[in-house]
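# Chain and residue survey
As a plain string of letters, each chain reads:
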Amino acid sequence: MQDGYTTADGRKIGGVVMEMKNITLRFGGVVAIKDISFDIREGEIRAIIGPNGAGKSSMLNVISGFYVPQEGEVWFHGEPRPQMRPYEVAQQGIARTFQNIALFEGMSVLDNVMTGRLSYMKSGLFSQALWKGKAEAEEVANREVAEKIIDFLEIQHIRKTPVARLPYGLKKRVELARALAAEPKLLLLDEPMAGMNVEEKEDMSRFILDVNDEFGTTIALIEHDMGVVMDLSDRVVVMDYGKKIGDGTPDEVRNNQAVIDAYLGVSSD
Amino acid sequence: MLDAAKTSDVQTETLLEVNNIEVIYNHVILVLKGVSLNVPKGGITALLGGNGAGKTTTLKAISNLLRSERGEVTKGSVKYRGQDVHEEDPAALVRQGVIQVMEGRHCFEHLTVEENLLTGAYTRADGKANIAADLEMVYNYFPRLKERRKSQAGYTSGGEQQMVAMGRALMSRPETVLLDEPSMGLAPQLVEQIFEIVKSINEQEGVTFLLAEQNTNMALKYAHYGYILESGRIVMDGPAAELRENPDVKEFYLGMSDEGRKSFRDVRSYRRRKRWLS
Amino acid sequence: DLVFPSLSYRTGPYAAGGIPFADGYADYFTLLNERDGGIGGVMTKLIECETGYNTEKGVECYESTKGEGALVYQPLSTGITYQLIPKVTADNIPLHTMGYGRTSAANGEVFSNVFNYPANYWNGASGVVNYLLESNGGDLKGKKIALVYHNSAYGKEPIRTLEELSAKHGFELLALPVDHPGQEQKSQWLQIRRERPDFVTMWGWGVMNQVAIQEAANIRFPMENFIGVWWSGAEHDVMSAGDAADGYKALTFHNVGRDFPVFHHIQKYVVDTGKAAGAGDQIGTVLYNRGMYAAMLAAEAAKTAQGIHGTADINAAMMRDGMEALEINEAKMADLGMPNFGPSFNVSCENHGGPGLVGVTQWDASSKTWSLISDFKPTDGDVIGALVAEDSGAYAAENKITPNCN
Amino acid sequence: MPDQFLFATEVFINGLMAGVLYALVALGFVLIYKASGIFNYAQGVMALFAAMTLVGIMNGQVPFSHIINAVFGTEIHHFGWHVPAFLAIILTVGVMVGFAWLVQRLVMRHLVGQEPIILFMATIGLAYFLEGVSDLMWGSEIKKLDVGLPQGGSFWIEDMTAGLGSDNFYGFFIDNLDMVATVVAALLVVGLVLFSQYTKQGRAMRAVADDHQAALSVGISLNFIWVLVWSVAGFVALVAGIMWGTKSGVQFSLSLIALKALPVLMLGGFTSIPGAIVGGLIIGVGEKMFEFWIGPLVGGATENWFAYVLALLFLVFRPQGLFGEKIIERV
Amino acid sequence: MFYREAGDFKTSYEQDSQTFPIKFDRFRYYAVLAIAFLVVPFVINDYWANAILLPFLIYAIAAIGLNILVGYAGQVSLGTGGFMAVGAYACYKFMTMMPEVSMFVHVLLAGGMTAIVCVVFGLPSLRIKGFYLAVATLAAQFFLVWLFNRVPWFYNYSASGQISAPERDVFGILITGPNAPAWATYMFSLIFLTLCALVARNLTRGTIGRSWMAIRDMDIAAEIIGVNPLKAKLTAFAVSGFFIGISGALFFSVYLGAVEVGEAFGITKSFLVLFMVIIGGLGSIFGSFAGAAFLVLLPVVLKVVGVDVLGWPTDIVAHFQLVIVGALIIVFLIVEPHGLAQLWRVAKEKLRLWPFPH
Ligand SMILES: Nc1ncnc2c1ncn2[C@@H]1O[C@H](COP(=O)(O)OP(=O)(O)OP(=O)(O)O)[C@@H](O)[C@H]1O
Ligand SMILES: Nc1ncnc2c1ncn2[C@@H]1O[C@H](COP(=O)(O)OP(=O)(O)OP(=O)(O)O)[C@@H](O)[C@H]1O
Ligand SMILES: [Mg+2]
Ligand SMILES: [Mg+2]
């Protein structure tokens, strides 16, 4: 299992990037995650699905270091990750989007995307205060990367708009842009397509696939639209009430009786 | 499956009438450019359209929630039961039976789930017993909420919050519900369940719905009539069944082409930006 | 016109004290205009400017009025005084800080443009001690005196003097600061209750006075042994404690009550003609009298200046000379309708501080009046003189001023 | 050292009582914060205004006489009647309700859905406005307030306890006014807790604090809730104004007691009514003990900052205050 | 078309991120600078300098500083008065300890000192948020004032506890003390203001500014995105403290000349600067200027109109002044919650579209 596999459409999936080992997370009396283990491999699109309140978002929060699980370990690049602050996790190359959009509302789209590049900008306070030397060069260099991503996600026209004014769907896209700007190794997406219509979902799917393809980014994805999940993902983890009830390829999961009972219902196609 | 929309029996009284409204945010941003629609009593009317088309704005214009967002209806009128409600306090509108379920949940974070539901009954004066009965009804619709009734709404999951928002609206025993993206972030069976709930409330209690939805598929399945909104204008309307058969709608909103539904993997190199208006 | 700016405060936390003073100051000049046709035939003009007891506004007031030919400033705030000392010196306008401000300004060799006659804080401190000495048979050894003070430049002024005096007379000093505004003084008064000082003296202003007197009454501290400085001895300070305040004492450097001819004049020429600055109901109150007294001293100095320079239309520099040559004697005061209203004294270049004579008044709660119980008596010149020399010397050194009289 | 111990006890008790007085002011803040998420800076000025109005009504003062006289050249100051305290209090409550209505009408309803700092700022504007109006209306001189509350140390308690220590100890000093304040505060707190926790309006009030838009959408009339809450806060302000005004006379400085209430608020939690009381007690005792024993060592006048530093220390461990609602942190 | 930006194209990212991307704005900005530096010093008199311009310049620096903290980094602070006091006392100590050094250095050092103190008091912000933090900063306010009042070393053991600025010069021109010419004090402050505004602008448009704003808008998300909250918050406190310290130093040395800490740097000062920031516009440098100008000028104008023009008694005017300032604050917030800066922006947008309404 350690050596990866080849997907149905012929993409090569590498070794394990991140492994969750026996994670348990409690909030007071509520057990949000109960003893869950799974892995994410290099280059794959890994979906996490499950009914509402199953603990999916909590799982992403554990990966980002925002929630600290009471039990279990997170292994990253083959070694256990020591306890870290979320921003340190981000600096290791893990970027994400949020379920309830968490954009910086007071800033323009461009600035939001540029914050995604913070870990690449290292000029000192003094240089920035004078806007000379390293600060300016760095700003321009990173701006180029940001603009590339803006182009890629087709949001050039709103570059200077304050995000507070944007409609929901565009905000989601800006959030994706911000995450991509970090050029992450592992990208965590929490319901990126909620609140979109089919056409927009198609666009979003295309972006996700392209990111995965062009940059080789590993992606973990939470989504409720089964069509999207089944089409995009290479492997799927299914959670229910904090427990893992299924893990495998889309087809395996689709035919797993426990998953059907708990989540998909009969009418899934 | 397709018979949910019985176009024939909704040709009754028009409850809500939106006439050519124009909405401006912040004094400068023109968002709605003359939207008109009619919501018949006892029907389910769907308002469809892409991101930023102006669905939410339309609903807020109706429920008078725009003012607190520095938005303003500058032209046109909104009539409920033939009366202009433009100047009314949102609370007064709720008392008249129009309630909105807002996009993005908007739960009262610090109140418990149950308290959230009870605030829904704020305008009611028909006694504790009736309210308690309705609370039971909501718990029946959403058993998950019953489990979490004592937790603060701020700590419930996204889907649970959506249920709270729906349940809270139902607690007011509304005559008309303006539903803004009820399916967002819900697990598939729950989406179906919510629409079933909408349908059964509509049928059994005669509650009228105006539904803004991105999930066109679902919306057209349950609605009787649909409007399609794009860039602040209504570009198409018609009975749901007809809309569903319209080839453009099929392609752009239902994701179906002649060969049936195509995989999300296959759209990659294929771009289209065709629009009725642009 | 002879312009007298009045930097008053009729708003803010200290308005209750600012209003009567400003009224008295204004009414006297109005009286001069109405009754005498001004000073030496030139009408006076009062420019009132609201400072709210705030230094920046004080500066703004100063800057906006000095261009109008202001003759003398009377800011009624130690904070503003400190701002203005360098400014008036540079602009050569005199500053009169009567019973407040920078005490060492009494040394006219250093502070050429600042006057604080007829008495200053250090006179006050010494006055308290002298009064206590007198009423205790000349001996304060082993006694304990508590000082309750406003925790600001103003309140801290007497500490040095009291420390010197405590060494000299062998009493123990207990200093208790109260922070602005002074609404809550429980711990200070519990401290007093526990330490049982024989006497309490107070350097307070604003609400702090009322609360202190009330708290003293609450702990049944004998009012006769409680002496406030002259800024802690107005009617409104004692009024709210009711009968409990009976017997409370306060220093003063001028007389109290309204039994002076000048007040009849004010009533007749100012109040009855509707020209009063206030409602006219403040006449005879402690702070009104003080304001009027300040105005009288200013007017007399102006007359002196007119005499020296032989012109009626004096400017600020002439006014300064007039102030430095001011002579107040009983005859003059009687003439002005204020017999025995304040001490007689002469100002000189060496002494801008006047005679430093301090009297004591006492409150009678039943008749709601203050009465003078100890006449204006001299204070400890040795101790004060040394302190003035020291402090003004330091100021001179810091600001590179060569003390001189010319 | 029984005397030392007795003194400590005395300071402790007095600290508790002082704390109750702070809490009275803090309560008004809590109410409005709870109901609208607004940090109402004007609470202190409201106490001043209420107290001034009460005195003005009791003394039959003509409101705005100053301006009237200045404009019309008249000389009116008093109606010439005296209103009994009880009636005057009721009238003042009426005035405070009117004020609440005006605030809602002219300020709050135009600021629905704004960020908290904007609303905070608006209340500062309100504070200025009200301060000016109170002075114009009733004049800025000091007024004596006497609604018949007992004042001064309780001699009875003092005499009863005098025997506890050596000759050095007079007995416990407890201010009668403080005792009254304690009883009043206790009643207020119980009433307010019941109201906010168990009534429909109380629930609506908390809902409004969480999300204006959502509250509107379920038919809660923000206007009504705000009038209600500001009226109650006005009433609390009146109570605080009476207590503090009796103590030190009614004058501008009364509005500064708000500064004494802030650390209380911080420590107890902005959203908790019982928190205001407990916070008040802790602050009261803490600052009195500190001033009494440590103060002399560092030069005194520590009370102003000590309360804040104490509250700050608590906050570092509980960022929402002792009883405040947990700040929800989720993504 | 009174205001145009059409035809103003950018061909590089440097151009696009410059301070005034629109040519029209840039010209206006140069014009203002030219007047401020080349015209005003020649026409200035004592009254204009001391009553209006100096307070405006100095408050504008403080407002920029506070705006960085509140408007950009979202950390509401009510400790401004206390921090200004640190600047003032630090400046005083430096002035008296090393009299031979240039005033520029004293003021800068005072700013640095304040930055350090500000960071120390900013530490709780890592745990405490929103209004709790605002109230917590009052601890700094009261403690610092108490400290300066209490410890005689700070005021060089002067009898009354006041500090007064000795005469100091820059290149032989007196800057402090009563004999300093009005134009010199004005220029001195103006130079500091200009520098501060430029630095603030540079910081806020770059990386640091973005991490501040990220923390402001959504601190948790910001941290997950990779913003180090410790660094972002503390740099905000430091930079803000630096500016506030400078303004405190100037306030004491150049403007007032002598201060008593509790009075000059009391809690009202904290509120005043906060008003400026909010009325001017949170998160806007221009707003800081506008807010400072507004609140410095308004009372003066009201006084002139009330007392000098209408001839009303000063107390009625003073009370009306409170009423009007209060009412104006409220009206402003209702009309435009985002301050004068936003009002200006909307006006520009309207002008650009003029004569069409949208
Ligand atoms: N408060 C606001 N200020 C300025 N512009 C706004 C505001 N709210 C919405 N808009 C603008 O109005 C337009 C319509 O927004 P609206 O939220 O009504 O769209 P929607 O159809 O509901 O989209 P979605 O499906 O994404 O929710 C968008 O372009 C948006 O940018
Ligand atoms: N910070 C928290 N404190 C308390 N409970 C929490 C917290 N975060 C999550 N929970 C609880 O943990 C459970 C799992 O929540 P989570 O948000 O992970 O669900 P989810 O799988 O993402 O659901 P959805 O699809 O509805 O978003 C929920 O019941 C939620 O109430
Ligand atoms: Mg989730
Ligand atoms: Mg919407």
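All residue numbers refer to positions counted from 1 along the written sequence of the respective chain. Starting at A for chains and at 1 for ligands, labels are handed out in the order in which the entities are written. It should be noted that, the model being predicted, local features are given only for residues of pLDDT at least 70 and side-chain atom pairs only at 80 or more, the latter also being counted only at that level, while totals for whole chains, interfaces and linings use all residues. Just so you know, side-chain values use all the structure's heavy atoms and leave hydrogens and water out.

Since the α-helix packs 3.6 residues into each turn, any two residues three or four apart lie on the same face. Residue and element names in this part refer to chain D. One fitted axis covers the seven residues ending at a residue, a second covers the seven starting there, and the bend at that residue is the angle between these axes. Elements are defined by DSSP. Helices are runs of H or I of four residues or more, strands are runs of E of two residues or more, and each kind is numbered from the N terminus. Maximal helix bending in helix H12 (residues 273–298) amounts to about 45 degrees, located at phenylalanine 292; proline proline 296 follows within four positions. Two to three positions downstream of the cap, the backbone nitrogen of glycine 275 sits 2.8 Å from a side-chain oxygen, assigning the N-cap of H12 to serine 272. Following H12 by one or two positions, glycine 299 has its phi on the positive side, about 100 degrees. Here a polar contact means two N or O atoms within 3.5 Å. Within protein one must be a hydrogen donor candidate and the other an acceptor candidate, and residues neighboring in sequence count only if both atoms are side-chain atoms.

Residues count as neighbours in contact if any of their non-hydrogen atoms are within 4.5 Å of one another. The partner chain B presents 32 residues to the 28 residues of chain D that form the contact. Defined here as a combined quantity, buried area equals the accessible surface (1.4 Å probe) lost by two parts on assembly, summed across both. Summed over the three residues of chain D that lose the most area to chain B, namely Gln213, Val218 and Ile328 of chain D, the buried surface amounts to 25% of that side. At the surface where chain D touches chain B, the tally comes to 6 residue pairs in polar contact (both at pLDDT 80 or more). Sorting the residues of the side of chain D that touches chain B by element identifies helix H8 (200–210), helix H9 (212–217) and helix H10 (222–248) of chain D as the ones contributing at least two each. The element that contributes the greatest number of residues to the side of chain D that touches chain B is H8 of chain D, accounting for 7 residues. Classification convention: Asp, Glu, Lys, Arg as charged; Ala, Val, Leu, Ile, Met, Phe, Trp, Tyr, Cys, Pro as nonpolar; all other residues, Gly among them, as polar. Across the side of chain D that touches chain B, the residue classes break down as 12 nonpolar, 7 polar and 9 charged.

Here a residue is considered near a molecule or strand provided that any single heavy atom belonging to it is located within 4 Å of it. Residues in contact with ligand 2 amount to 22 residues; listed here are only the nearest, Ser57 and Ser58 of chain A together with Arg148, Tyr155 and Gly159 of chain B. Lying at an intersection of chains, ligand 2 is approached by residues of chains A, B and D. Interatomic distance of 2.8 Å between a backbone N/O atom of glycine 53 of chain A and an oxygen atom of ligand 2. Serine 57 of chain A places a side-chain nitrogen or oxygen 2.6 Å from an oxygen atom of ligand 2.

A word on the interface of chain D and chain E. Between chain D and chain E, the contact holds 57 residues from the first and 41 residues from the second. Carbon and sulfur atoms make up 81% of the area that chain D and chain E hide from each other, which totals about 4400 Å². Taken as a group, Met121, Tyr128 and Trp305 of chain D account for 15% of the area that chain D buries against chain E, more than any other trio of residues on that side. Any carboxyl oxygen of Asp or Glu within 4 Å of a side-chain nitrogen of Lys or Arg constitutes a salt bridge here. The tally of links from chain D across to chain E stands at 0 salt bridges. Counting every contact that joins chain D to chain E gives 9 residue pairs in polar contact (both at pLDDT 80 or more). Of all the secondary-structure elements, those providing two or more residues to the side of chain D that touches chain E are helix H3 (65–72), helix H5 (116–138), helix H11 (258–268) and helix H13 (303–317) of chain D.

On to the confidence of the model for chain E. The quantity known as pLDDT measures the predictor's confidence residue by residue, on a range of 0 to 100. With 92% of its residues at a pLDDT of at least 70, chain E reaches an overall mean of 88. Interface confidence in the predicted complex, given as ipTM, is 0.89; pTM for the same model is 0.90.

Let us now look at the sheet that holds strand S6 (residues 71–76) of chain A. Note on sheets: strands pair through backbone hydrogen bonds, and any given pair is parallel or antiparallel. All names here are of chain A. Two strands qualify as a pair provided that DSSP identifies no fewer than 2 bridges between them. Strand order in this open sheet of 4 strands is S4-S3-S6-S7, and the pairing throughout is antiparallel. Each of the sheet's edge strands pairs with one partner strand only, and the pair in question is strand S4 (30–41) and strand S7 (79–80). By the bridge criterion, 5 bridges tie strand S3 (residues 16–27) to S6 in an arrangement that is antiparallel. By the bridge assignment, lysine 21 is partnered in S6 with glutamate 73.

In most cases, non-glycine residues show a negative phi, while peptide bonds are predominantly trans. Cis geometry is adopted by the peptide bond preceding proline 118 of chain C, which originates at tyrosine 117 of chain C and carries an omega value of 5 degrees. That bond from histidine 180 of chain C to proline 181 of chain C is cis: its omega, -5 degrees, falls within 30 degrees of zero. Locating proline 181 of chain C in the fold gives a position in the loop between strand S6 (172–178) and helix H6 (186–195). One non-glycine residue, glutamate 154 of chain A, lies in the positive phi region at around 60 degrees. Turning to its location among the elements, glutamate 154 of chain A is positioned in the loop between helix H5 (134–152) and helix H6 (168–181). Taking relative accessible area as the criterion, glutamate 154 of chain A reaches 15% and is therefore assigned buried. Of note in the backbone geometry, asparagine 64 of chain B takes a positive phi value of approximately 65 degrees without being a glycine. Turning to its location among the elements, asparagine 64 of chain B is positioned in the loop between helix H1 (55–63) and strand S4 (71–80). The buried label goes to any residue with under 20% of its type's maximum accessible area, the exposed label to any with over 50%, and the partly exposed label to all in between, with areas taken from a 1.4 Å probe on protein chains only.

Attention now moves to the sheet that holds strand S6 (residues 98–101) of chain B. Residue and element names in this part refer to chain B. Taken in spatial order, the 6 strands of this open sheet run S6-S7-S8-S3-S9-S10, and their pairing is mixed. Both edges of this open sheet fall to S6 and strand S10 (233–239), since each of them pairs with a single strand only. Sheet twist, expressed as the average angle between the axes of neighbouring strands with direction ignored, equals 15 degrees. As defined by bridge partners, strand S3 (residues 44–48) adjoins strand S8 (residues 208–213) across 5 bridges and the pair is classed as parallel. Throughout, an axis means a line fitted to C-alpha atoms (over the contacting stretch in the case of helices), and angles, computed between N-to-C directions, take values from 0 to 180 degrees.

Right, let's talk about the nonpolar core for a bit. Joining through side-chain atoms within 4.5 Å is the link that ties buried Ala, Val, Leu, Ile, Met, Phe, Trp, Tyr and Cys residues into a set, and such a set is a nonpolar core. Counting residues in each nonpolar core, the largest one holds 281 residues, and the members touching the most others are Trp230 of chain D together with Trp212 of chain E. Considering each element in turn, this core owes the most residues, 17 residues, to helix H3 (residues 46–72) of chain E. In this structure, Tyr14, Tyr121, Phe171 and Ile328 of chain C belong to the second largest nonpolar core, which totals 120 residues.

Shown as donors are all N, O and S atoms within 2.8 Å of a metal ion, widened to 3.2 Å for Na, K and Ca; because water is not in the atom set, sites may appear incomplete. Around the magnesium ion (ligand 3), the protein contributes the donor atoms Ser57 of chain A (OG) and Gln99 of chain A (OE1), which lie 1.9 to 2.1 Å from the metal centre. A residue pair is termed long-range when its members are at least 10 positions apart, and serine 57 of chain A in helix H1 (residues 56–64) and glutamine 99 of chain A in the loop between strand S8 (94–96) and helix H3 (109–115) qualify at 42 residues.

Right, let's get into the coordination of the magnesium ion (ligand 4). Residues and elements named next belong to chain B. Looking at the magnesium ion (ligand 4), one finds its protein donor set to be Thr56 (OG1) and Glu103 (OE), positioned 1.8 to 2.3 Å from the metal centre. You can see threonine 56 sitting in helix H1 and its partner glutamate 103 sitting in the loop between S6 and helix H3 (113–120), a full 47 residues away along the chain. What makes threonine 56 buried here is its relative accessible area of 17%.

On to the packing of H3 of chain E against helix H13 (residues 285–309) of chain E, then. All names here are of chain E. Packing of H3 against H13 leaves a shortest axis separation of 7 Å and a crossing angle of 140 degrees. Considering their axes alone, H3 and H13 lie oblique with respect to each other. Note on packing geometry: the crossing formed by H3 with H13 is right-handed. Two secondary-structure elements touch here, H3 through Tyr47, Ala51, Ile52, Pro55, Phe56, Tyr59, Ala60, Ala63, Ile64, Asn67 and Tyr72 and H13 through Ile285, Ser288, Phe289, Ala292, Ala293, Val296, Leu297 and Val300. Each residue belonging to the contact of H3 with H13 can be placed in one class, and the counts come to 17 nonpolar, 2 polar and no charged. Here is the rule for angles: anything less than 35 degrees is roughly parallel, anything more than 145 is roughly antiparallel, 65 through 115 is roughly perpendicular, and the remaining ranges are oblique. Should the near helix be turned counterclockwise from the far one by less than a right angle, the crossing is left-handed, whereas a clockwise turn marks it as right-handed.

Before going further, it helps to examine the packing of aromatic side chains. Aromatic contacts are taken between Phe, Tyr and Trp rings whose centres are within 6.5 Å, Trp giving its six-membered ring; a plane angle under 30 degrees counts as stacked, one over 60 as edge-to-face, and the others as tilted. Overall, the coordinates contain 69 aromatic pairs over all chains when judged by the stated rule. Taken together, a centroid distance of 4.4 Å and an interplanar angle of 10 degrees make the contact between tyrosine 89 of chain E and phenylalanine 148 of chain E stacked. Taken as a pair, tyrosine 89 of chain E in helix H4 (residues 80–97) and phenylalanine 148 of chain E in helix H6 (residues 130–150) lie far apart in primary sequence, 59 residues in all. Like phenylalanine 148 of chain E, tyrosine 89 of chain E is buried. Following the ring pairs from residue to residue traces out a cluster consisting of Phe4, Phe21, Tyr25, Phe29, Tyr100, Trp205 and Trp231 of chain C. Here, over-ring charges are defined by two tests on the NZ atom of lysine or the CZ atom of arginine: distance to the ring centre within 6 Å, and angle to the ring normal within 35 degrees. The ring of tryptophan 153 of chain E is capped by lysine 93 of chain E, whose NZ or CZ atom sits 3.9 Å from the centre of that ring.

This next bit is on the site of ligand 1. The environment of ligand 1 is made up of 20 residues, and the closest members are Arg165 of chain A together with Thr56, Thr57, Glu103 and Gln214 of chain B. With respect to ligand 1, the chains having nearby residues are chains A and B. A distance of 2.4 Å separates an oxygen atom of ligand 1 from a polar atom in the side chain of threonine 56 of chain B. Contacts to ligand 1 include threonine 57 of chain B, whose side-chain N or O atom sits 2.4 Å from an oxygen atom. Mapped onto the shell around ligand 1, the elements with two or more residues apiece are H6 of chain A together with strand S2 (29–40) and H1 of chain B. The biggest single contributor to the shell around ligand 1 is H1 of chain B, with 3 residues.

We now examine the state of the cysteines. Residue and element names in this part refer to chain C. When two cysteine sulfur atoms are found within 2.5 Å, that pair is recorded as a disulfide. Inspection of the entire model under this criterion finds 2 disulfides over all chains. The disulfide bridge from cysteine 349 ends at cysteine 405, spanning 1.7 Å between sulfur atoms. Handedness here is read from the sign of the S-S torsion; for cysteine 349 and cysteine 405, about -90 degrees, the answer is left-handed. Remark: cysteine 405 occurs in the segment after helix H13 (381–398) and cysteine 349 occurs in the loop between strand S11 (345–346) and strand S12 (358–364); sequence separation between them is 56 residues.

Turning our eyes to something else, we now look at the pairing of strand S5 (residues 144–150) of chain C. Consecutive side chains of a regular strand alternate in pointing toward one face of the sheet and then the other. All names here are of chain C. Of all 7 residues that make up S5, 7 are buried, and the element is covered over most of its length. Residue alternation in S5 divides its side chains into two sets, Lys144, Ala146, Val148 and His150 and Ile145, Leu147 and Tyr149, and both sets are buried. Pairing between S5 and S6: 7 bridges, direction parallel. The residue bridging leucine 147 from the neighbouring strand is alanine 175, located in S6. In this fold, the crossover linking S5 to S6 by way of helix H5 (residues 153–169) has right-handed handedness. Here S5 runs beside strand S7 (residues 199–203); their pairing, made up of 5 bridges, is parallel. The residue bridging valine 148 from the neighbouring strand is methionine 202, located in S7. By the criterion used throughout, a crossover qualifies as right-handed when its path from the first strand across the helix to the second strand runs clockwise, the strands pointing away from the viewer.

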